[in-house]
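Per-entry structural report
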Amino acid sequence: MPQRTRPRPICGHCDGFPTVTITTGTRTPDGQRKTITAHCPACHGTGHTAPAARAHTRIGA
């Protein structure tokens, strides 16, 4: 029987678009636009948030 994995929640900071390319406004010598790549700082470029760690509580003494 196949294992099913739960979908991970999408990052709320980037809405699932973790990596973007931004033009700098300058051009290279051959005429192409210069670009830089930026990654979401919250999810580190994955597009998903890590599930919250379960809190362990001690019951009793």
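Up top you'll find the structure we're talking about.
Because the structure is a prediction, the values reported are computed rather than measured. (Residues numbered from 1 in each chain as written. Predicted model: local features only at pLDDT ≥ 70, side-chain atom pairs only at ≥ 80, totals over all residues. Heavy atoms only, no water.)

On to the overall build of the protein. What the protein contains, in helices and strands, is 0 helices and 2 strands. Counting every position in the protein, which comprises 61 residues, the buried fraction comes to 10%. The long-range fraction of contacts in the protein, counting pairs at least 24 apart against all pairs at least 6 apart in sequence, stands at 48%. (Helix = DSSP H or I, 4+ residues; strand = E, 2+ residues; numbered from the N terminus. Buried < 20%, exposed > 50% of the residue type's maximum accessible area, 1.4 Å probe, protein only. Contact = heavy atoms within 4.5 Å.)

Further remarks concern unusual backbone geometry. Positioned with a positive phi, Asp15 is a non-glycine residue whose angle comes to about 55 degrees. The residue Asp15 is located in the segment before β1 (19-27) in this model. Even without being a glycine, His44 presents a positive backbone phi close to 60 degrees. Structurally, the position occupied by His44 is in the segment after β2 (33-39). Assessed through its relative accessible area of 67%, His44 is described here as exposed.

By the secondary structure assignment, Arg33 is in strand β2. As a C-alpha pair, Arg33 and Ile22 span 11 residues in sequence and 9.9 Å in three-dimensional space. If near-sequence neighbours (up to four positions away) are discounted, Arg33 is found in contact with Thr23, Thr26 and Arg27.

For the rest of this paragraph, the subject is the environment of His39. With respect to the secondary-structure elements, His39 resides in strand β2. Once the C-alpha coordinates of His39 and Cys14 are considered, the two residues, 25 residues apart in sequence, prove to be 9.3 Å apart. With residues near it in sequence (within four places) discarded, His39 still touches Pro18, Thr19 and Gly45. At 3.0 Å, the side chain of His39 forms a polar contact with the side chain of Thr19. (Polar contact = N/O pair within 3.5 Å; in protein donor to acceptor, adjacent residues only side chain to side chain.)

This part takes up the state of the cysteines. Overall, the coordinates contain 0 disulfides when judged by the stated rule. No disulfide involves Cys40; its sulfur sits 3.7 Å from the nearest other cysteine sulfur, which is in Cys43. Residue Cys40 is classed as buried on the basis of its relative accessible area of 8%. (Disulfide = S-S within 2.5 Å.)

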